[in-house]
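Spelled out from the first residue to the last, the chains are:
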Amino acid sequence: MIVETFSEEGLVSHDGELYLPVRLEAIRVNTTLDFDLYFRPSPAQPLVLYCERSVPFTEETRDRLKNTPVECFYIHQDSKRQYNRYLDEHLEDILHDPGLDVRKKAEILYDSALATVELILLEPPSKESIERGKTVARHTVDFMNAQDFPLEHLLRHISCDYYLYSHSVNVMAYSIALARRAGHHDAASLREVANGALLHDIGMGMVGPELCRKEGALTPQEWNQIKTHPSKGYQVLLEIGNLGEIALDIVMHHHERLDGSGYPDHLRGDALSHFVCIVAIADIFDALTTDRPYQPRRKTFPALSLMQREMPRQIDMTLFRSFVEIMGGTL
Ligand SMILES: [Fe+2]
């Protein structure tokens, strides 16, 4: 007997094996997959094989789904890495597909960025994974430069184990939007901002992401350990990241505050670059608006009000006002 159960993230357990949903639009015609693709013919039926690995996915294959209620494909959890590589390879094609609506493109771009950050943070950083991060950051800048769409299409709030991954992607999206609003329109600077923002917490992978998920207060020793993540991230990116000064500065100084109360260098005032101030605002705002073990998420305007009330000496208030405008309001 086949047993299927469902989890919150849309995972399906089929006969004791776990399957992940993938978007229909992410599978391109005239490509060959190196993973098996499954689908569910109807909500009451179990998963069945749709397209076997190494068999070309053609227009005809895709059209078999026309006029059916199928909303996604599934892949076996062991094929996640192959799927993510496939997504990386076809992201450019997907983002330039005139037949695909912008919201779907944004969702697929987010999936790809999330998978890339997961790879970067879960495993010891490598040149290859960092290059993948830079590629997805470049795609995000190009996409946001070319589209006029609500920022929320490029944001997700995922708590628990995935917090650090979704946080990194969200901070990148907010930072690009704020940098553009603040007058930075040259692609090279925006890419550096995106690289730095996406990788800003790469050092957390080295100090123990479990500290980031810990319920209850951190001990002074744990807190000191957390405070080493900017310099650890900076060091590894300096060695193997091939990043520019703007991105490295962001990674090293995203926890600095204008009044000198930040870390690790207690920089103050003009010693903080404009780009660091941009990412600091994005970082604080995303942390406030996401469920964390020690606090429930705040809605957008309570979070902005808190920042205005409690951090006027710590964050750049001119940039903050621009950020409030991006979020669609005034305080
Ligand atoms: Fe951080």
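Before reading on, note that the structure itself is shown above.
We now turn to the structure provided with this report. (Residues numbered from 1 in each chain as written. Predicted model: local features only at pLDDT ≥ 70, side-chain atom pairs only at ≥ 80, totals over all residues. Heavy atoms only, no water.)

## Considering the side chain of Glu-222
The condition is simple: Comment: elements are numbered from the N terminus, with helices defined as DSSP H or I runs of at least four residues and strands as E runs of at least two. The criterion used for residue contact is that any of the two residues' heavy atoms lie within 4.5 Å.
Structurally, Glu-222 can be placed in helix H9 (residues 220–226). Among all residues touching Glu-222, those that are not within four sequence positions of it are Leu-211, Lys-214 and Ala-217.

## Section: the pattern of salt bridges
To keep it simple, the criterion reads: One speaks of a salt bridge when a side-chain nitrogen belonging to Lys or Arg is within 4 Å of a carboxyl oxygen belonging to Asp or Glu. Burial classification: accessible surface area is computed with a 1.4 Å probe over protein chains only, and a residue below 20% of its type maximum counts as buried, one above 50% as exposed, and the rest as partly exposed.
One pass over the full model with this rule turns up 16 salt bridges. The partner of Asp-63 in a salt bridge is Lys-66, and the shortest N-O contact between them spans 3.9 Å. Classification of Asp-63 as partly exposed rests on a relative accessible area of 28%. Its relative accessible area of 56% is what places Lys-66 among the exposed residues. In this structure, a network of salt bridges that share partners links the residues Arg-23, Lys-104, Glu-107 and Asp-111.

## Looking at unusual backbone geometry
Cis geometry is found at the peptide bond from Tyr-263 to Pro-264, where omega equals 10°. Its place among the elements puts Pro-264 in the loop between helix H11 (245–253) and helix H12 (274–288). For Asn-67, which is not glycine, the phi torsion reads 60° and is therefore positive. Inspection of the secondary structure puts Asn-67 in the loop between helix H1 (59–63) and strand E8 (72–76). Despite not being glycine, Asn-242 has its phi angle at roughly 50°, a positive value. Mapping Asn-242 onto the fold places it in the loop between helix H10 (229–240) and H11.

## Focus on the environment of Arg-268
Short version of the rule: Here a polar contact means two N or O atoms within 3.5 Å. Within protein one must be a hydrogen donor candidate and the other an acceptor candidate, and residues neighboring in sequence count only if both atoms are side-chain atoms.
Looking at where Arg-268 falls in the secondary structure, it is placed in the loop between H11 and H12. Put simply, Arg-268 and Glu-256 are 12 residues apart on the chain and 7.6 Å apart in space, counted from C-alpha to C-alpha. Residue contacts for Arg-268: discarding those within four places in its chain leaves Arg-257, Leu-258, Asp-259 and Gly-260. One polar contact links the side chain of Arg-268 to the main-chain carbonyl oxygen of Asp-259, over a distance of 3.2 Å.

## Points about the environment of Val-207
Mapped onto the elements, Val-207 comes out in helix H7 (residues 204–207). Each C-alpha atom, one on Val-207 and one on Thr-228, is 7.4 Å from the other, the two residues being 21 residues apart in sequence. In this structure, Val-207 is in contact with Gln-225, Ile-226, Thr-228, His-229 and Lys-232, ignoring residues within four places of it in sequence.

## What about the nonpolar core?
The condition that has to hold: In these notes, a set of buried Ala, Val, Leu, Ile, Met, Phe, Trp, Tyr and Cys residues joined through side-chain atoms within 4.5 Å is what counts as a nonpolar core. In this document the domain limits rely on a domain assignment from an automatic tool or a database.
The biggest cluster of nonpolar side chains holds 87 residues, and the ones touching the most others in it are Ile-27, Leu-37, Phe-73, Met-172 and Met-307. Take this core: its biggest share by element is 12 residues, from helix H5 (residues 163–181). Residues from two domains meet in this core; each of domain 1 (1–79) and domain 2 (101–326) gives at least three. Beyond its immediate chain neighbours, meaning those up to four positions away, Ile-27 contacts Leu-33, Phe-35, Leu-37, Phe-57, Phe-73, Tyr-83 and Tyr-86.

## Let's talk about the coordination of the iron ion
Which entries qualify depends on this criterion: We call an atom a donor if it is N, O or S and sits within 2.8 Å of the metal, or 3.2 Å for Na, K and Ca. Water is not counted, so some sites may look partial. Any site counts as irregular unless it has four donors with all angles between 85 and 135 degrees, making it tetrahedral, or four or six donors with opposite ones more than 155 degrees apart and the rest between 65 and 115, making it square planar or octahedral.
For the iron ion, the full set of protein donor atoms is Asp-201 (OD), His-229 (NE2), His-254 (NE2) and His-255 (NE2), at a range of 2.1 to 2.3 Å. Here the iron ion binds 4 donor atoms, and the angle range of 86 to 175° at the metal identifies the geometry as irregular. Going along the chain, you hit the donors of the iron ion in the pattern D-x27-H-x24-H-H. Of this pair, Asp-201 sits in the loop between helix H6 (187–198) and H7 while His-255 sits in the loop between H11 and H12, and the two are 54 residues apart along the sequence. The same class applies to Asp-201 as to His-255, namely buried.

## What about helix H14 (residues 317–326)?
Regarding H14, the residues found buried are Met-317, Leu-319, Phe-320, Ser-322, Phe-323 and Val-324. The inward-facing, buried residues of H14 contact H5, H12 and helix H13 (300–310). Just past H14, the residue Gly-328 takes up positive phi, approximately 90°.

Just distances and angles here, no functional claims.
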